[in-house]
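Each chain, written out:
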Amino acid sequence: LILDGIVAGVGAVLGFVPQMLVLFAFLAFLESCGYMARVAFIMDRIFRKFGLSGKSFIPMLIGSGCGVPGVMASRTIENDRDRKMTIMTTTFVPCGAKLPIIAMIAGAFFGNSGWVATSCYFVGIAAIICSGIILKKTKMFAGDPAPFVMELPNYRLPSAKSVGLLLWDKAKDFIQRAFTVIFFATIIIWFLETFDAKLNVVKDSSDSLLALIGQAISPIFKPLGFADWRVTTSLISGFTAKEAVVSTMAVLMNTSTANLGTALSGAFSTLSALSFLVFTLLYTPCVAAVATIKRELDSRIQTVGVVIMQCMVAWLCG
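Residues numbered from 1 in each chain as written. Predicted model: local features only at pLDDT ≥ 70, side-chain atom pairs only at ≥ 80, totals over all residues. Heavy atoms only, no water.

(A) A look at helix 13 (residues 244–252). Of all nine residues in helix 13, seven are buried; the element is thus mostly enclosed. What helix 13 keeps buried is the set Ala244, Val245, Val246, Thr248, Met249, Ala250 and Leu252. (Buried < 20%, exposed > 50% of the residue type's maximum accessible area, 1.4 Å probe, protein only. Helix = DSSP H or I, 4+ residues; strand = E, 2+ residues; numbered from the N terminus.)

Here it is as structure tokens:
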């Protein structure tokens, strides 16, 4: 439990903190120097056509590093309608934790094609645009976005103190979440991977409770071109943290992460691999992001609605 569950699960998530800090350092610099407000102003005319505000661009940009601070960044949007629409669509942007999945599929089936990796971000943007248009048609989000009112500060060189404080705030919130929500989620996944239906410790992961769940939901993914229980099981573990999709498939296929591409050739065709990539890019975000969405929306029903909506969009696109 301690080594394979808590340390492996929480440790994998904490491994992304240094990369995220680098990203947040640049974003904090852009925000502090006065450029970010101008980006929101420029994007407002484009986003307004899809029912979103120009201010929605900032959370989406931050969400490319991690969905948690991306959703939290929606607090800067004063209008309640625009803020909720932004929260519901921000996590379509591929976060840093999805990069291992993109790299694995692109390397194994498309010869490390840069076009495949780049197109993943365009798929996310297209999903945001389509979702914005659909949500705009619903009764809950009917009407036009609020008029764009935002102070455009003077360009200035940000101080190291302001950037450092912003970095500390982001890192502290993420680490606290890693040791609460992700902590308990990794314990649950470890339990499902370790025991069978009679609560006996399994020698083969194919006999575990997690494998039984994966086998039960496999038919749902048959229209998408993949129904291997090991693949669908990895999608379940991806709810804990998206980078866990790659590691779970490596464990279930009895291979190393480095040789996973070769092992996947038997589970995917080129087309079904692309379908799998699209689905993993768009389906429900990790448990930490879902918990943040619940906190920002302050509604359990709406949070469940967001998860179901994103899964449906991912399935249809796949």
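Now that the structure has been shown, we can carry on.
(B) Focus on the environment of Phe239. Mapped onto the secondary structure, Phe239 falls in the loop between helix 12 (229–237) and helix 13. Residue contacts for Phe239: discarding those within four places in its chain leaves Tyr283, Thr284, Pro285, Cys286, Val287 and Val290. (Contact = heavy atoms within 4.5 Å.)

(C) Representation of the packing of aromatic side chains within the structure. In total, this model carries 10 aromatic pairs according to the counting rule given. On the numbers, 5.6 Å between centres and 20 degrees between planes, the contact of Phe221 with Phe226 is stacked. By relative accessible area, Phe226 is classed as buried at 1%. The exposure class assigned to Phe221 is buried, which follows from its relative accessible area of 7%. Among the aromatic side chains, those forming a connected cluster through ring pairs are Phe109, Phe221, Phe226, Phe268, Phe276, Phe279 and Tyr283. The ring of Tyr155 carries the charged tip of Arg38 above its face, separated from the ring centre by 4.2 Å. Across the ring face of Tyr283, the terminal group of Lys242 is positioned such that the distance to the ring centre comes to 4.4 Å. (Phe/Tyr/Trp six-rings, centres within 6.5 Å; stacked < 30°, edge-to-face > 60°. Lys NZ or Arg CZ within 6 Å of the ring centre and 35° of its normal.)

(D) Geometry of the side chain of Ser74. Relative to the elements of secondary structure, Ser74 occurs in the loop between helix 5 (67–72) and helix 6 (80–90). Relative accessible area serves as the criterion here: at 0%, Ser74 is assigned to the buried category. With near-sequence residues (within four places) excluded, Ser74 lies in contact with Pro59, Arg83, Thr86 and Ile87.

(E) Spotlight on a nonpolar patch on the surface. A surface patch of nonpolar side chains, about 420 Å² in accessible area, is lined by Leu1, Ile2, Leu3 and Val7. Its location among the elements puts Ile2 in helix 1 (residues 2–14). (Patch = residues over 30% accessible without salt bridge, like charges linked within 9 Å, V, L, I, M, F, W, Y side chains within 5 Å. Areas by Shrake-Rupley, 256 points an atom, 1.4 Å probe, with all protein chains shown as cover. Salt bridge = Lys/Arg side-chain N within 4 Å of Asp/Glu carboxyl O.)

(F) Geometry of empty space enclosed by the protein. Counting across every chain of the model gives three cavities of 30 Å³ or more. There is about 50 Å³ of room inside the largest cavity. Forming the walls of the largest cavity are Phe24, Leu27, Ala28, Glu31, Ile62, Leu166, Leu167 and Lys170. Broken down by secondary-structure element, the contributors of at least two residues to the lining of the largest cavity are helix 2 (17–32) and helix 9 (160–178). In terms of residue count, the dominant contributor to the lining of the largest cavity is helix 2 (four residues). Taken together, the residues of the lining of the largest cavity break down into six nonpolar, no polar and two charged. (1 Å grid on protein atoms, 1.4 Å probe; cavity = no way out; pocket = protein on both sides within 12 Å on 5 of 7 lines; lining within 4 Å. Points joined across faces, edges and corners; volume = space filled by probe spheres on them. Nonpolar A, V, L, I, M, F, W, Y, C, P; charged D, E, K, R; others polar.)

(G) Here's a closer look at the environment of Ala185. As for its placement among the helices and strands, Ala185 is situated in helix 10 (residues 181–194). Residue classification places Ala185 among the buried residues on the basis of a relative accessible area of 14%. As a C-alpha pair, Ala185 and Ala160 span 25 residues in sequence and 36 Å in three-dimensional space. Every residue in contact with Ala185, bar those within four places of it in the chain, is listed here: Thr240 and Val287.

(H) The arrangement of the layout of surface pockets in detail. A volume near 420 Å³ is recorded for the second largest pocket. What lines the second largest pocket is a set of 18 residues, among which Glu31, Ile58, Ala73, Thr76 and Leu166 lie closest to the centre. Those elements giving two or more residues to the lining of the second largest pocket turn out to be helix 2, helix 3 (35–48), helix 4 (57–63) and helix 9. Ranked by residue count, the leading element in the lining of the second largest pocket is helix 9, at three residues. Counted by class, the lining of the second largest pocket contains nine nonpolar, three polar and six charged residues.

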